[in-house]
Amino acid sequence: MAKYLLLKHYRGAPAAVNDVPMDQWAPEEVSAHLKYMNDFAARLEETGEFVGGQALAPEGTWVRYDGEGRPPVTDGPFAETKDLIAGWMVIDVDSYERAVELAGELSAAPGAGGNPIHEWLELRPFLAEHSTVTECPHR
Amino acid sequence: MNEALIRSLTPSVLAVLVRRGADFAAAEDAVQDALVEAVRGWPADPSPSSRLRSSRGDPIRDAKGWLVTVAWRKFLDASRSDAARRRREDRVEEEPAPGPTPAVDDTLQLYFLCAHPSLTPSSAVALTLRAVGGLTTRQIAQAYLVPEATMAQRISRAKRTVSDVRFDQPGDVATVLRVLYLVFNEGYSGDVDLSAEAIRLTRQLAARIDHPEVAGLLALMLLHHARRATRTAPDGSLVPLAEQDRARWDTGMIAQGVAILQAALARDRLGEFQAQAAIAALHADAPTVEETDWVQILEWYDELVRLTDSPVVRLNRVVAVGEADGPRAGLAALAELNDSAPTSASRGSPMPRHTAVAAYLHERDGDLATAARLYAEAAHQAPNLAERDYLTRQAARLNTLRRG
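Note that the structure is a prediction, hence the values are computed from the model and not measured. (Residues numbered from 1 in each chain as written. Chains lettered and ligands numbered in written order. Predicted model: local features only at pLDDT ≥ 70, side-chain atom pairs only at ≥ 80, totals over all residues.)

1. Focus on the overall build of chain B
Short version of the rule: Secondary structure elements follow DSSP: runs of H or I of four or more residues count as helices, runs of E of two or more count as strands, with numbering from the N terminus. Neighbour counting defines burial: a residue surrounded by 20 or more other C-beta atoms within 10 Å of its own C-beta is buried, one with 12 or fewer is exposed, and intermediate counts give partly exposed, using backbone-placed C-beta atoms. Whether two residues are in contact depends on their C-beta atoms, placed from the backbone: they are in contact if these lie within 7 Å.
Within chain B, the regular secondary structure consists of 21 helices and 2 strands. Looking at chain B as a whole, 43% of its 404 residues are labelled buried. Considering only contacts in chain B between residues 6 or more positions apart, those separated by 24 or more positions represent 61%.

Structural data, given as structure tokens:
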């Protein structure tokens, strides 16, 4: 019973094994890829492990506070930003091992030539709000 | 008629349906529907309550009779429409003659079924909360911060998993206790107080099975719960045991926990929950933090290490060594722990509080620079926000002190 964030990157992850840009694939390979992703989410809903997920636009804006009474300053997007998130999925699983297993499955999504992409996905545990009651008896 | 009372009838009503021949999954759905109707209808709508008033006997018994009747009707309706859909003959034709519900209590069997070893921990927890606790899927989903659809799937999958388990098969109490322990530790989120719910379910279990570890777990829960109001400051930040306002501890609950524990210990069948409860009782017993009997606490930790050999217990024991024999002894025990266990725990199961314990012992030993560095490091590894913020404040406090 732990939540994990699965992050897919446009940029910033190590190179995948089957590293061909999507626009170079055959159209049916693109369709097969998207179907795999949808089926994966559907399967997780069925196992009761799906919490949420969303794809993100590649272009974003940087925003910061600029002092009392002034509108926030916006900037970017910056071409030099190294880490660019493409999408996220949150899962609620029984163990770290299960989270790794699922991330591995997602990384096997087919790409060019219908072969698995072996894409690197980032797996980040959520910080729970509270600490468990009995595990730390000196509190 | 309050919701808690209605919910407390859940397992016995469900057991009646199962004994009448309904399969567990369908019966569980029917009971859930009946509960929703009862919660919605009982306080405001006069019709079910007038039915209640008109029946004889004690009100709880009557409430149970009402729930059995409604749940059975819902079960029949569901199986009929099911059957119609499948163009099959309804396998349940007749409603059994109304009469007193059987006196046999199968509640215990439900605990075993919902904690069956074929279930994953999260499934067992969800199923127990619904089928034994009578919580709705939505309440469980909110408590565990997952979408309702996800929780519904988790529960129906769990029901499929145990569909072939024989209802009258004896189960293992230890698996039930592990599930209740998990629920208790989840604490409070959403509109469901899971700790209080775990206590209710453990109390209900203890009334049905004579087992020192069930009593031990109940005592443990009560002794921790008695301090709950003082464990967090109004701003939500963590207050460690040593700084808690002992005047605000729930002494009635502590007395109850201690009494239950003493009766269990007298049976001379020690288990890990009794040992944990004994430690909690020694803390709860101390009028001031200075009067804490750390020597006895340490003895209980030695017992606990023998019983569980868990790394968490070994680490907590180091804290007790530090208090009983001084920080140097604590640091030595910590070093010993490092030697006996591989330090590079896998990324999935690190020992997050190891560094926090080291920081605390170094501070007690007067090495503030090392303590500050370790507190910051421990904050970085903390498994939850409350501990991270606490550890960050400790590091900040020591760094401010050192800057003078």
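2. A few points about the overall build of chain A
How we decide: Two things to know: the radius of gyration comes from C-alpha atoms, and the globule rule equals 2.2 Å times the number of residues to the power 0.38.
What chain A contains, in helices and strands, is 2 helices and 6 strands. The secondary structure elements of chain A, listed N-terminal to C-terminal, are β-α-β-β-β-β-α-β. Computed over the C-alpha atoms, the radius of gyration of chain A is 19 Å, more than 25% above the 14 Å expected from 2.2 N^0.38 for a compact globule of 139 residues. Across its three principal directions, the C-alpha atoms of chain A cover 55 × 45 × 25 Å. Relative to its full complement of 139 residues, chain A shows a buried share of 17%. Across chain A, every contact between residues at least 6 apart in sequence was considered, and the portion connecting residues at least 24 apart equals 74%.

3. Topic: the domain arrangement of chain B
Residue and element names in this part refer to chain B. What counts is decided by this rule: All the domain ranges listed were derived from an automatic or database domain assignment. Just so you know the grouping, Ala, Val, Leu, Ile, Met, Phe, Trp, Tyr, Cys and Pro go in nonpolar, Asp, Glu, Lys and Arg go in charged, and all remaining residues, Gly too, go in polar.
If you check the domain split of chain B, you get domain 1 (1-93), domain 2 (107-189) and domain 3 (210-304). Every contact between the two is made by 14 residues of domain 1 and, on the other side, 14 residues of domain 2. Elements with a minimum of two residues in the side of domain 1 that touches domain 2: helix H2 (10-19) and helix H3 (24-41). Tallied by class, the residues present in the side of domain 1 that touches domain 2 amount to 8 nonpolar, 3 polar and 3 charged.

4. Notes on the UniProt feature "domain: YCII-related" (unreviewed entry) in chain A
Formally: UniProt positions are given in the numbering used here, feature names are shortened, and annotations may be inferred rather than shown by experiment.
Summarizing the sequence annotation, UniProt attributes the feature "domain: YCII-related" (unreviewed entry) to residues 15-107 of chain A in the numbering used throughout. As annotated, residues 15-107 of chain A comprises 35% helix and 24% strand, and the C-alpha atoms at either end are separated by 12 Å.

5. Topic: the interface of chain B and chain A
How big an interface is tends to be stated in terms of the accessible area lost upon association of its parts. Counting residues at the interface gives 37 residues for chain B and 24 residues for chain A. Looking at the side of chain B that touches chain A, the elements that each hand over two or more residues are helix H7 (121-132), helix H9 (148-161), helix H10 (173-186), helix H12 (212-225), helix H15 (272-285), helix H17 (311-325) and helix H21 (385-403) of chain B. The leading source of residues in the side of chain B that touches chain A is H9 of chain B, at 6 residues. Counted by class, the side of chain B that touches chain A contains 17 nonpolar, 14 polar and 6 charged residues.

6. Observations concerning the sheet that holds strand S2 (residues 50-55) of chain A
Residue and element names in this part refer to chain A. Stated precisely, the cut-off is as follows: Two strands are counted as paired when DSSP detects at least two bridges linking them. Note on method: axes are straight lines fitted to C-alpha atoms, helices fitted across the in-contact stretch only, with angles between N-to-C directions ranging 0 to 180 degrees.
Spatially, S2-S5-S1-S6 is the arrangement adopted by the 4 strands of the open sheet, whose pairing is antiparallel. Among the strands making up the open sheet, the edge pair consists of S2 and strand S6 (122-125). Looking at each pair of strands side by side, their axes are set apart by 20° on average, direction ignored. One ladder, built from 4 bridges, connects strand S1 (residues 2-11) with S6; its direction is antiparallel. Counterpart to Leu6 in the pairing with S6 is Leu123.

7. Brief notes about unusual backbone geometry
Along the chain, Gly76 of chain A connects to Pro77 of chain A via a cis peptide bond; the corresponding omega equals 0°. Position of Pro77 of chain A among the secondary structure elements: in the loop between strand S4 (73-75) and strand S5 (84-93). We note that His118 of chain A has phi near 55°; this positive angle belongs to a residue other than glycine. Along the chain, His118 of chain A turns up in the loop between helix H2 (96-107) and S6. Unlike most non-glycine residues, Asp268 of chain B shows phi in positive territory, near 65°. Counting through the fold element by element, Asp268 of chain B comes out in the loop between helix H14 (251-265) and H15.

8. Structural notes on the UniProt feature "domain: RNA polymerase sigma factor 70 region 4 type" (unreviewed entry) in chain B
In this structure's numbering, the residues bearing the UniProt feature "domain: RNA polymerase sigma factor 70 region 4 type" (unreviewed entry) are residues 111-161 of chain B. Between the C-alpha atoms that bound residues 111-161 of chain B there is a distance of 15 Å. The span itself is 73% helix and 0% strand.

9. Looking at the environment of Gln32 of chain B
Position of Gln32 of chain B among the secondary structure elements: in helix H3. Remark: the alpha-carbon pair of Gln32 of chain B and Ala131 of chain B, spanning 99 residues in sequence, is separated by 8.0 Å.

10. Quick word on the pairing of S5 of chain A
Moving residue by residue along a regular strand, the side chains alternate between the two faces of the sheet. All names here are of chain A. Sheet topology note: the S1/S5 ladder contains 9 bridges and is antiparallel. Paired with Arg11 across the two strands is Leu84, which belongs to S5. Relative to S5, S2 runs antiparallel, the two sharing 5 bridges. Counted as the bridge partner of Phe50 is Ile91 from S5.

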